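The primary structure of each chain is shown beneath.
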Amino acid sequence: MAVSVDEAVSTGPARDRTPPVRRRSGRGRSVLEVALLTVLAVVMLFPVLWMIETSIKENRDVYAVPAEFIGFTVTMEHFKDVFVGPDGGRSALSVAFLNSVLVAGASTVLATLLGVPAAWAYSRFAVKAKKDQLFFILSTRFMPPVVVVIPIFLMYRQVGLIDSKLGLILIYAAYNLPFTIWMMKGFVDEVPAEYEDAAMLDGYTRLQAFRRYTLPLLVPGIAATAVFALIFSWNEFVFAIFLTSSDSVRTAPPAIAGLIGGTTTDWGLVAAASVVFALPVLVFAYLVRKHLIAGVTLGAVRR
Amino acid sequence: MAGIEVTALHKRYPDGTVAVEQVDLSIGHGELFVMLGPSGCGKTTTLRAIAGLERQTTGDIRIGDTLVNDLPPAERDIAMVFQFYALYPHLKTRDNLAFPLRAEGLPKSEVLKRVDEAARLMRLGPLMDRRPRQLSGGEQQRVALARALVRRPRAFLMDEPLTNLDAELRADMRTEIKHLQGELGATMVYVTHDQVEAMSLGHRIAILNKGRVEQIGTPLEVYDRPASLFCAAFIGSPPMNLIEVEVADGALRAQGGLALTPPPGLSRDCHLVAGVRPEALEVTAPGAERSVPARVVSAEWLGDEIIYVVDHGGQHDVRVRMPPTVRFAADAQVGLRHTGGTPVVYDVSTEELVA
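Going by what an unreviewed UniProt entry lists, chain B is known as Sn-glycerol-3-phosphate import ATP-binding protein UgpC and is assigned to Micromonospora sediminimaris.

Within an unreviewed UniProt entry, the label attached to chain A reads ABC transporter permease, and the organism entered is Micromonospora sediminimaris. What the UniProt record of chain A gives under Sequence similarities (unreviewed entry) is the line "Belongs to the binding-protein-dependent transport system permease family." The UniProt entry for chain A carries the following text under Subcellular location (unreviewed entry): "Cell membrane".

Chemist: How should I be thinking about the overall build of chain B in this particular structure?
Modeler: Along its length, chain B carries eight helices and 21 strands. Here the C-alpha coordinates of chain B stretch approximately 80 × 45 × 35 Å along the principal axes. Relative to all contacts within chain B whose residues are 6 or more apart in sequence, the contacts with residues 24 or more apart total 66%.

Chemist: So what exactly am I meant to see when it comes to the overall build of chain A here?
Modeler: In terms of regular secondary structure, chain A is built from 14 helices and zero strands. Going from N to C terminus, chain A has its helices and strands arranged as α-α-α-α-α-α-α-α-α-α-α-α-α-α. Among the 303 residues that make up chain A, the fraction classed as buried is 29%. Put simply, of all contacts in chain A between residues at least 6 apart along the chain, 73% involve residues at least 24 apart.

Chemist: Would you mind going over the interface of chain A and chain B with me for this structure?
Modeler: Many analyses report the size of an interface as the accessible area lost when the parts associate. Across the boundary between the two partners, chain A contributes 15 residues, which contact 19 residues of chain B. No other element matches the six residues that helix H9 (residues 194-201) of chain A contributes to the side of chain A that touches chain B.

Chemist: Could you clarify how one ought to interpret the UniProt feature "domain: ABC transmembrane type-1" (unreviewed entry) in chain A in this entry?
Modeler: Within the UniProt annotation, "domain: ABC transmembrane type-1" (unreviewed entry) is assigned to residues 97-288 of chain A. Along residues 97-288 of chain A one finds 78% helix and 0% strand; the C-alpha atoms at either end are 22 Å apart.

Chemist: I would appreciate a short explanation of the domain arrangement of chain B in the present structure.
Modeler: Residue and element names in this part refer to chain B. Annotation of chain B at the domain level lists domain 1 (4-233) and domain 2 (238-353). Contacts between domain 1 and domain 2 engage eight residues on the former and 10 residues on the latter. When the residues that make up the side of domain 1 that touches domain 2 are grouped by side-chain class, the tally is six nonpolar, one polar and one charged.

Chemist: Got a minute to help me understand the sheet that holds strand S13 (residues 259-260) of chain B in this structure?
Modeler: Sheet strands line up and pair through hydrogen bonds in the backbone, either parallel or antiparallel. All names here are of chain B. With antiparallel pairing, six strands are arranged side by side in an open sheet as S13-S12-S11-S14-S20-S21. Both edges of this open sheet fall to S13 and strand S21 (352-353), since each of them pairs with a single strand only. Sheet topology places strand S11 (residues 241-248) next to strand S12 (residues 251-254); four bridges connect them, and they run antiparallel. Paired with Ala248 across the strands is Ala251, a residue of S12.

Chemist: Looking at this structure, I do not really get unusual backbone geometry. What am I missing?
Modeler: With the exception of glycine, most residues fall at negative phi, and the peptide bonds are largely trans. The step from Ser237(B) to Pro238(B) runs through a cis peptide bond, and the omega angle for that step is -5°. With a phi angle near 55°, Asp77(B) is a residue other than glycine that sits in the positive phi range.

Chemist: I keep staring at the environment of Phe83(A) and nothing clicks. Help me out?
Modeler: Residue and element names in this part refer to chain A. As for its position among the elements, Phe83 is in helix H4 (residues 77-83). Residue Phe83 is classed as partly exposed on the basis of its 14 C-beta neighbours within 10 Å. As for Phe83 and Val276, which are separated by 193 residues in sequence, their C-alpha atoms are 9.9 Å apart. In this structure, Phe83 is in contact with Ser91 and Ser94, ignoring residues within four places of it in sequence.

Chemist: Looking at this structure, I do not really get the domain arrangement of chain A. What am I missing?
Modeler: Residue and element names in this part refer to chain A. Examined at the domain level, chain A breaks down into domain 1 (2-55) and domain 2 (92-296). Between domain 1 and domain 2, the residue contacts involve four residues of the former and six residues of the latter. Across the side of domain 1 that touches domain 2, the residue classes break down as two nonpolar, two polar and no charged.

Chemist: Would you mind going over the nonpolar core with me for this structure?
Modeler: In globular proteins that are soluble, nonpolar side chains generally tend to be buried together. Ranked by size, the top nonpolar core spans 141 residues in total, and within it Ile50(B), Met80(B), Ala146(B), Leu157(B), Val189(B), Tyr190(B) and Ala274(B) carry the most contacts. Among the elements that line this core, the one with the most residues is helix H8 (residues 165-190) of chain A, at 12 residues. Leave out the neighbours within four places in its chain, and Met80(B) touches Leu201(A), Ala51(B), Ala148(B), Leu157(B) and Asp159(B). Among the nonpolar cores identified, the runner-up in size contains 13 residues, and Val82(A), Leu93(A), Ala96(A) and Ile256(A) belong to it.

Chemist: Is there a simple way to explain the environment of Ile52(A) in this structure?
Modeler: Positionally, Ile52(A) belongs in helix H2 (residues 19-55). For the pair formed by Ile52(A) and Phe284(A), sequence separation is 232 residues and the distance between their alpha carbons is 19 Å.

The rules behind these values
- Residues numbered from 1 in each chain as written.
- Chains lettered and ligands numbered in written order.
- Predicted model: local features only at pLDDT ≥ 70, side-chain atom pairs only at ≥ 80, totals over all residues.
- UniProt positions renumbered as here; feature names shortened; annotations may be inferred.
- Helix = DSSP H or I, 4+ residues; strand = E, 2+ residues; numbered from the N terminus.
- Contact = placed C-beta atoms within 7 Å.
- Buried ≥ 20, exposed ≤ 12 C-beta atoms within 10 Å, placed from the backbone.
- Domains from an automatic or database assignment.
- Nonpolar A, V, L, I, M, F, W, Y, C, P; charged D, E, K, R; others polar.
- Pairing = 2+ DSSP bridges.
- Core = buried A, V, L, I, M, F, W, Y, C linked by C-beta atoms within 7 Å.

Below, the structure written as structure tokens:
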């Protein structure tokens, strides 16, 4: 007890005395660091800033030459236009946003529901030609989506999935599944199989053991994987523009792209729609950032 | 408690690897039976097959009088202790212990009683409200043992339970396990690759190699008469000297002149190897009675003994265990003398004990 009191007393002044020596060099470096990072951030974030500015400018300010960075009239008209149609009802863009939420959410859930058990099976069981199977699964992601979009278009026309939300959900789930399996397999490998063995000896079946012991330990991994899948589905453009045509089915990316062209382009509306489109993913990624980092650095540390 | 019978066990994985070629074991009621072997010898697979965590390709497993081939692990009434403890990370010690009992659906009072009993037996009192993360390796393993105990299973299976502990703790836990097993009269199957553990714990030891049983015997039998060249080279530290010999003039004669007493009933025409423990040889002053001339290649000073590596003109140098008082420098000319009784003799072509 006495020792810890002594320590508590002595560390206080020591903390004030010694660090300044170190801090001086540290401060010089950090000023430079902050300056560099600020410049970098401004350069990187300028398009985003410009998008946000444009979304709250009136149309004549958008086209002003020289461009106005400050001192323009702020308006929320464009954001209103994103959600409310010219006839006062729901706008086509707002329908597209709802479609995006539905398609991205459902395809992520589907990919996770299929991918997590598959990853568990590949991690736990001796499967014939396991490596070849896993390689095959990964190989479906080797080519860019645009390569297969025409065959898929033809197949979808045959089975009647063209221009349907179900069609998009299925193709996104299929596209996310390899990624989900590979990433989740890494997480399952990290959970010792002995938990399940012990639970099975304690009276549970294999599936119960998985559900009660392994699954709870996998939650951070599932969150990270699902976020990646969600971001992919949310941002996906190529399949969406080829496989859907009607406003009631279209997701946000092709709908926003559809605003450009024609006789005039309402840049304020494009910018406002883009802000609305970017926000959910940004907020969501911010909320689960710890899990995202866990996913990115997976396997970097060997035990 | 019950005995365990393993008959003609064979395990082949879907990818074609054979983990267990053929294993037959008859483990008695209340016996501490050790399976010893290098990694990949099939000992853990055999244990997991007994537990029901792996399904054998062919062969039968009986626990007591029950044929358990098709029973899931939960219905075999056995407990297992794992190398990595496998304590549920989100449960406190108390709940980890109670867990298997609650899974069985025992009444609350009975659960409490059994948990207290196991906690007392393993001296877990101050650890009961901690989670595994807050326990040291040794403490975790004691909790894992206690969790196996509360079930009062028909048999205990131990999969290298001490491998992850440091040397001192390992020795303590060894004593504890042996004591516990004796007190409970429990049937225990213990898998290890550590021969010291096997020798000090086991009532009987099975030595496995490449999915087959090489020898089953008491620690002394296994040490004194290894059944095969593999066992001879595996048991003992340093292991047995294997010296190529020929039968001539009523003795086993090695290159370099060393002569050993032949066991009775040797056939003349086979190619033989004599197994001589390092303590059955002696380094003497050069020219001592019954010694052959030799040279010290190196000496390991271990404090309580010295291991001399000696070149006696044979095909391989031999190792000799000497008390620390007998000192020779490296490269010294010495004598080498056989002081033990009749050596064990192996046939090189079959690698098995002939006499």
